[in-house]
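# Geometric and topological summary
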Amino acid sequence: MKNRYFAAALAGSGVGTLGGLIGLGGAEFRLPLLIGLFRFGPLPAIILNKATSLVVVGSALPLRFGAVPFNDVAPHWPIILNLLAGSLIGAWSGAAWATRLNAPLLYKIISVLLVLMAAALVFGHGWGGSGQPALHGIWLAIAGILAGFGIGVVASLMGVAGGELLIPTLVLLFGLDLKLAGSLSLAVSLPTMIVGFTRFSRDGSFAVLKSDRRFFLAMAAGSVLGAGLGSLLLGIVDTKLLLPLLALILCISAIKVWRHGAKKTEVQA
């Protein structure tokens, strides 16, 4: 058991470092490990990932405001509220769907979403904001709500913070600077994750946090430390070389999760 806790801390720190290197939390890399390496079922893995992500994001938010002052973020509160109007509903709905879906289907959904995250990593980074929103008026508000809803659903179904999708949305849809978008994404992610987490707490699988609390604490501690280390190394490693490699890892993980689910189905049959 001690080796398992050590492995959890080590895996968490590795995932956190990878996420920190590209300015994210790394939860999309943590989920396949929870399923494939540590052998959790899809729903307990999502809940563990969500809880760990909540700890990482909560720790990163004050540090982020040190890099981007609150006074720079505050004027953009309408954008935050616009996205939250959709993401909070999406997070609740996604968590509800996750608790109702059968395990084989949930494995497949996770696999598809991992590929989606890989695409977001490759195509959603390195773009500068235009300074102007892509739409205006009511159309921008509607697009923001719809985008927020989709991001909230994905965040709950994978147990992630959603920064992989939020940052490109803030840059491309609202025309924000990449650095500012990173701070706003955390401001949207935290309440969105809390809503999804609250909905998961009503399901019996939520007991995994109690039964495996030492495992969770080890992975959360490792993830926070890794995220801090990764943020210190941010800019040292060439992102243009790193992102395709990480995207490839996600695609390989998607294949493994899909096959893992297929094997589970065969055993049950």
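Predicted model, so just to flag it, every value in this text is computed and none were measured.

### A few points about the overall build of the chain
Counting its regular elements, the chain contains 12 helices and zero strands. For the chain, the succession of helices and strands along the chain, N to C, is α-α-α-α-α-α-α-α-α-α-α-α. Across the 269 residues that make up the chain, the buried fraction comes to 50%.

### Re the layout of surface pockets
Estimates place the volume of the second largest pocket at around 330 Å³. Lining the second largest pocket are 19 residues, with Pro32, Leu33, Gly36, Leu37 and Lys256 sitting closest to its centre. Counting residues per element, the ones that place at least two in the lining of the second largest pocket are α1 (2-21), α2 (27-36) and α12 (239-268). The element best represented in the lining of the second largest pocket is α12, accounting for eight residues. A breakdown of the residues in the lining of the second largest pocket according to their chemical character gives 10 nonpolar, four polar and five charged.

### A short note on the packing of aromatic side chains
Inspection of the entire model under this criterion finds three aromatic pairs. Both rings, one in Phe38 and one in Phe215, keep their centres 4.9 Å apart while their planes meet at 75°; by these two values the pair is edge-to-face. A residue pair is termed long-range when its members are at least 10 positions apart, and Phe38 in the loop between α2 and α3 (42-67) and Phe215 in helix α11 (residues 213-233) qualify at 177 residues. When its relative accessible area of 7% is taken as the criterion, Phe38 is described as buried. What makes Phe215 buried here is its relative accessible area of 1%. Consider the rings of Phe197 and Phe206, whose centres lie 5.1 Å apart with planes at 65°: the pair is edge-to-face.

Criteria and thresholds
- Residues numbered from 1 in each chain as written.
- Predicted model: local features only at pLDDT ≥ 70, side-chain atom pairs only at ≥ 80, totals over all residues.
- Heavy atoms only, no water.
- Helix = DSSP H or I, 4+ residues; strand = E, 2+ residues; numbered from the N terminus.
- Buried < 20%, exposed > 50% of the residue type's maximum accessible area, 1.4 Å probe, protein only.
- 1 Å grid on protein atoms, 1.4 Å probe; cavity = no way out; pocket = protein on both sides within 12 Å on 5 of 7 lines; lining within 4 Å.
- Points joined across faces, edges and corners; volume = space filled by probe spheres on them.
- Nonpolar A, V, L, I, M, F, W, Y, C, P; charged D, E, K, R; others polar.
- Phe/Tyr/Trp six-rings, centres within 6.5 Å; stacked < 30°, edge-to-face > 60°.

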